[in-house]
Amino acid sequence: MSIQINKEHKIFKLDTSKSSYILGVTADGYVGHMYYGDKIQLAGDEMTEQDAANIAVLLGSRQRNCIPSQIDREKVNFQDTFSWEYGMPGYGDFRESCLEADFGGGDEALEFLYTEYEIIQGKPELSGLPSTFADDCQTLVLHMSEPDLKLELELYYSVFEEEDAITRWAKIKNNSQKHCYIDKIFSLCLDFREGGFDLITLHGAWGRERKVYRREIGEGRQSIASIRGVSSHQENPFMAILDPDATEDTGRVYGINFVYSGNFLGQVEKNQFGHVRTVMGIHPYHFSWKLQPGETFTAPEAIMVYSTDGIGGMTRNCHDLYRNHLIRGKYRDIKRPVLINNWEATYFDFDTDKLWSIAEEAASLGIEMLVMDDGWFGKRDDDNTSLGDWFANEEKLPGGVKRLADGVRERGLKFGIWVEPEMVSPDSELYREHPDWILQYRDREVSRSRNQYVLDIGRKEVRDEIYSRIYRVIKEAEIDYVKWDMNRSLTNVASHAAGQDEQGMVYHKYVLGVYEMQNQLVTDFPELLLENCSSGGGRFDPGMLYYSPQIWCSDDTDAMERLEIQRGTAMVYPLSSIGAHVSDCPNHATHRTTPFDTRGQVALCGTFGYELDVTKLVPEEKEKIKEQVQMYHRYNDIIRAGDYFRIASLAEKKYYDCYIVVSKDKSDALLSFVRAENRINRWSERIRLKGLDAGAGYTLSDRDGTYTGSMLMNIGIEIHDAEGQYEGKLISLRRCGQ
């Protein structure tokens with residue numbers, strides 16, 4: 001059993017394969033956090049009274065001033081020092097609270113007390129929200145009540161044993177006779193009665209997303225956040241809390257990720273006693289949810305994974321959880337088609353004949369899909385017009401999208417399109433017809449970005465109209481793939497359809513509207529491959545992965561830049577989800593020139609495709625594309641489903657990057673090495689491999705002989721034939737006898 005309970009002591013023990021999470025209830029009904037770490041083994045299969053008594057000391061019942069019923073005069077001190085499962089404001093807990101509710105009378109203190117529990121077999125869905133799924137897990141629900149305010153709170157914990165993961169979320173119900181405002185509701189609170197930790201977060205900007213940043217958790221508060229309406233390029237909704245001596249392969253690591261695609265706040269706080277509180281949830285900025293009598297609000301899911309095998313162990317747990325229990329649909333467990341996108345090939349300057357010529361050449365090279373990017377609709381010859389007018393530009397595409405798509409399929413390729421459903425251009429038929437459909441403060445100037453406005457997707461009539469226009473194009477042309485883009489942050493976040501006291505609901509309703517549209521899309525078109533994008537990697541989060549098995553990683557396609565962008569992304573998200581393409585050189589963003597082979601090798605650490613005009617390539621480059629497509633088909637099963645081990649990164653080594661992906665049964669592996677800087681008067685690099693079967697023999701594609709896994713992991717190998725700047729080397733390994 002993954003959940004064990006002692007009813008007398010009110011102790012709940014949640015077990016994964018390698019970890020235990022324990023919480024309990026005091027005699028006064030306060031729910032406290034007791035333990036999270038290495039698995040606690042009990043003497044038998046069930047928790048005995050002696051086990052419960054031994055564990056109960058973790059609740060702090062023997063600490064001075066910890067039980068208010070015994071020391072009434074020190075309730076405030078108790079509140080400020082107790083390890084809470086879900087911190088509340090107003091009675092003395094001065095750390096970051098998890099919930100704030102306002103009935104309009106100024107009485108905002110909350111004191112939820114435990115009432116009962118239930119165990120659910122399986123994983124409940126979160127209505128209207130993306131979330132993990134499983135039939136073979138258990139879920140603990142703790143019911144709590146605030147009797148004075150007539151509010152009911154439910155805390156959910158789903159246990160994924162094999163992935164060493166526990167997912168959490170909260171629900172609040174208004175049982176009173178009047179409406180209230182939920183001004184803050186977090187999904188996770190984790191109190192540690194220790195403080196010697198480091199913190200890892202992922203930071204960046206457009207074109208340089210998810211760079212890894214590690215520092216000590218010092219006194220006070222440190223946070224990651226977005227109030228941009230999307231999870232953002234700048235700060236990803238992920239953080240890892242780890243021992244200061246934890247490495248890639250050793251030490252305790254707690255990974256926390258938020259299954260949400262809008263504003264978020266993740267925070268660690270070290271208090272006066274050296275204890276650390278961690279919270280994760282919807283950012284309270286401009287959030288105030290009007291909860292009518294009898295209504296329930298569900299907070300999004302937060303994910304916790306635990307590793308005793310260092311940062312790499314945390315990574316592999318996240319990858320397994322997302323591949324097995326978050327990503328859905330036809331393409332979850334199969335190869336994605338090798339595609340070519342016309343954006344960097346043509347930008348807006350294309351027509352049907354040009355795309356057919358690209359398709360014909362691409363098909364001869366083994367490419368399997370053509371994607372038509374921006375510029376196919378309305379009067380769209382630049383990025384100043386026509387967003388919202390989702391009908392074909394007949395001057396470019398005579399006969400429409402269907403004629404183009406049919407011609408592409410006749411040439412042997414699947415066909416996909418780019419859309420940006422959440423935006424509208426001021427110069428568009430849609431905006432002229434419905435100027436009140438955008439996010440806008442009344443009688444205030446609207447902020448433009450990329451000369452476009454944000455549609456109020458939280459309104460049903462808006463999303464229904466936009467969806468119906470895109471649906472018609474997909475249905476008529478039998479589209480195989482959609483790239484869903486979103487190219488600006490949200491500003492002027494107010495709705496014409498909402499009352500003054502409901503404007504605090506607009507941000508969250510917007511995200512729910514996006515989720516509804518994408519869920520409808522993959523439901524109506526189950527064979528469709530959906531790829532999310534937000535100016536590149538501005539919305540790369542677990543929420544998006546629930547609807548699309550892959551996300552465009554970054555608009556920076558320079559191979560050397562991509563090494564660090566993809567390394568940070570792969571710290572949390574599976575390689576199979578990372579949209580990565582081979583682009584032209586000199587690179588259109590950095591103007592760097594890298595070898596064609598290296599560009600293919602770097603793009604292999606992802607979904608794989610091309611961003612260039614194949615009709616302009618020289619014969620040697622076309623032959624390389626044929627080789628790279630074969631390489632993709634040869635290695636994709638390992639990359640898509642295998643275990644990922646980081647060996648070296650540019651941020652650490654400065655002059656080379658190296659990783660290995662090992663199949664689950666350890667029979668096959670692929671080692672990638674890329675040199676960033678060629679140095680003189682140096683020793684050659686000796687790379688110690690990871691993840692292999694120590695006692696088995698392996699053959700390597702670039703050298704003769706047989707090597708045991710133990711030799712390869714402890715003695716290592718020297719890398720040959722990657723001596724020049726930006727040169728790469730791929731080495732495949734095969735276990736003997738396979």
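A quick note: this is a predicted structure, and the numbers were derived from the prediction, not measured.

Asks: Hey, could you run me through a negative patch on the surface in this one?
Replies: On the surface, a cluster of negative charge is made up of Asp135, Asp136, Glu161 and Glu162. Note that Asp135 resides in the loop between strand E6 (113-121) and strand E7 (138-146).

Asks: It is not clear to me how the sheet that holds strand E31 (residues 609-611) should be interpreted in this structure. Could you clarify?
Replies: Backbone hydrogen bonds are what pair the strands of a sheet, in a parallel or an antiparallel way. The strand order E29-E28-E27-E26-E23-E22-E21-E31-E30 describes an open sheet built from nine strands, whose pairing is parallel. Each edge of the open sheet carries a strand with a single partner, namely strand E29 (578-579) and strand E30 (582-583). Packing of helix H6 (residues 400-410) onto the sheet brings it into contact with strand E22 (369-372) and strand E23 (414-419), and relative to E23 it is tilted by some 145°.

Asks: Quick question: what am I supposed to make of the sheet that holds strand E32 (residues 643-648) here?
Replies: Strand order across the open sheet formed by six strands is E32-E33-E34-E39-E36-E37, with antiparallel pairing between neighbours. Taken across any chain shown, the strands that pair with only one partner, and hence form the sheet edges, are E32 and strand E37 (707-708). Where strand E36 (residues 697-700) and strand E39 (residues 728-735) come together, three bridges link them in antiparallel fashion. Directly across from Thr699, in E39, lies its bridge partner Arg734.

Asks: How do you make sense of the environment of Asn487 when you look at a structure like this?
Replies: You can see Asn487 is positioned in the loop between strand E26 (481-484) and helix H9 (506-524). Distance from Asn487 to Val662, taken between C-alpha atoms, is 36 Å for residues 175 residues apart in sequence. Dropping the residues within four chain positions of it, Asn487 is found in contact with Trp418, Glu420, Arg450, Gln452 and Ser535. Within the structure, Asn487 has its side chain in polar contact with the side chain of Ser535 (distance 2.9 Å).

Asks: In this structure, what is going on with the side chain of Arg735? I would like to understand it.
Replies: Along the chain, Arg735 turns up in strand E39. On the accessibility criterion, Arg735 (15% relative accessible area) is buried. A polar contact is formed between the side chain of Arg735 and the backbone oxygen of Asp665, at a distance of 3.0 Å. Aside from chain neighbours lying at most four places away, what touches Arg735 is Asp665, Lys666, Ser667, Asp693, Ala696, Gly697 and Tyr698.

Asks: Would you mind going over unusual backbone geometry with me for this structure?
Replies: The residue after Cys585, namely Pro586, is reached through a cis peptide bond having omega -5°. Of note in this structure, Lys150 is not a glycine but carries a positive phi near 60°. With respect to the helices and strands, Lys150 occurs in the loop between E7 and strand E8 (151-160). The residue Asp164 is not glycine, and still its phi comes out positive at about 50°. On the secondary structure map, Asp164 appears in the loop between E8 and strand E9 (165-174). You can call Asp164 buried: its relative accessible area is 4%.

Asks: Whenever I open this one, the packing of helix H12 (residues 596-603) against helix H13 (residues 619-641) confuses me. Can you help?
Replies: Angle between the axes and distance between the axes: these two values describe a pair of packed helices. Packing of H12 against H13 leaves a shortest axis separation of 10 Å and a crossing angle of 25°. On the basis of their axis angle, the class for H12 and H13 is roughly parallel. Our pair here, H12 against H13, has a crossing hand that is right-handed. Contacts from Phe596, Asp597, Gly600 and Gln601 in H12 reach Glu621, Lys624, Ile625, Gln628 and Met631 in H13. Each residue belonging to the contact of H12 with H13 can be placed in one class, and the counts come to three nonpolar, three polar and three charged.

Asks: What exactly am I supposed to notice about the packing of aromatic side chains here?
Replies: Aromatic ring pairs are described here by two measures, namely the spacing of the ring centres and the angle between the planes. Across all of its chains, the model carries 39 aromatic pairs by this definition. A ring pair is formed by Phe78 and Phe82, whose centres lie 4.9 Å apart and whose planes are at 35°; its orientation type is tilted. Assessed through its relative accessible area of 0%, Phe78 is described here as buried. With a relative accessible area of 1%, Phe82 lands in the buried category. Put simply, the rings of Tyr21, Tyr36, Tyr157, Phe192, Phe197, Tyr254 and Tyr306 pair up and form one aromatic cluster. Stacked on the ring of Trp552, the Lys or Arg Arg562 has its end atom at 4.9 Å from the ring centre.

Asks: I'm lost on the packing of helix H8 (residues 460-477) against H9 in this one. Help?
Replies: Relative orientation of the contacting elements H8 and H9 amounts to 25°, with a least axis distance of 11 Å. Classified by the angle between their axes, H8 and H9 sit roughly parallel to one another. Where H8 crosses over H9, the handedness of that crossing is right-handed. Two secondary-structure elements touch here, H8 through Arg463, Ile466, Tyr467, Tyr471 and Ile474 and H9 through Gly513, Glu516, Met517, Gln520, Leu521 and Asp524. When its residues are assigned to classes, the contact of H8 with H9 shows six nonpolar, two polar and three charged.

Definitions and limits used
- Residues numbered from 1 in each chain as written.
- Predicted model: local features only at pLDDT ≥ 70, side-chain atom pairs only at ≥ 80, totals over all residues.
- Heavy atoms only, no water.
- Patch = residues over 30% accessible without salt bridge, like charges linked within 9 Å, V, L, I, M, F, W, Y side chains within 5 Å.
- Areas by Shrake-Rupley, 256 points an atom, 1.4 Å probe, with all protein chains shown as cover.
- Salt bridge = Lys/Arg side-chain N within 4 Å of Asp/Glu carboxyl O.
- Lys, Arg positive; Asp, Glu negative; His and termini not counted.
- Charge placed at Lys NZ, Arg CZ, Asp CG, Glu CD.
- Helix = DSSP H or I, 4+ residues; strand = E, 2+ residues; numbered from the N terminus.
- Pairing = 2+ DSSP bridges.
- Contact = heavy atoms within 4.5 Å.
- Axes fitted to C-alpha atoms, helices over the stretch in contact; angles between N-to-C directions.
- Polar contact = N/O pair within 3.5 Å; in protein donor to acceptor, adjacent residues only side chain to side chain.
- Buried < 20%, exposed > 50% of the residue type's maximum accessible area, 1.4 Å probe, protein only.
- Parallel < 35°, antiparallel > 145°, perpendicular 65-115°, else oblique.
- Left-handed = near helix turned anticlockwise from the far one by under 90°.
- Nonpolar A, V, L, I, M, F, W, Y, C, P; charged D, E, K, R; others polar.
- Phe/Tyr/Trp six-rings, centres within 6.5 Å; stacked < 30°, edge-to-face > 60°.
- Lys NZ or Arg CZ within 6 Å of the ring centre and 35° of its normal.

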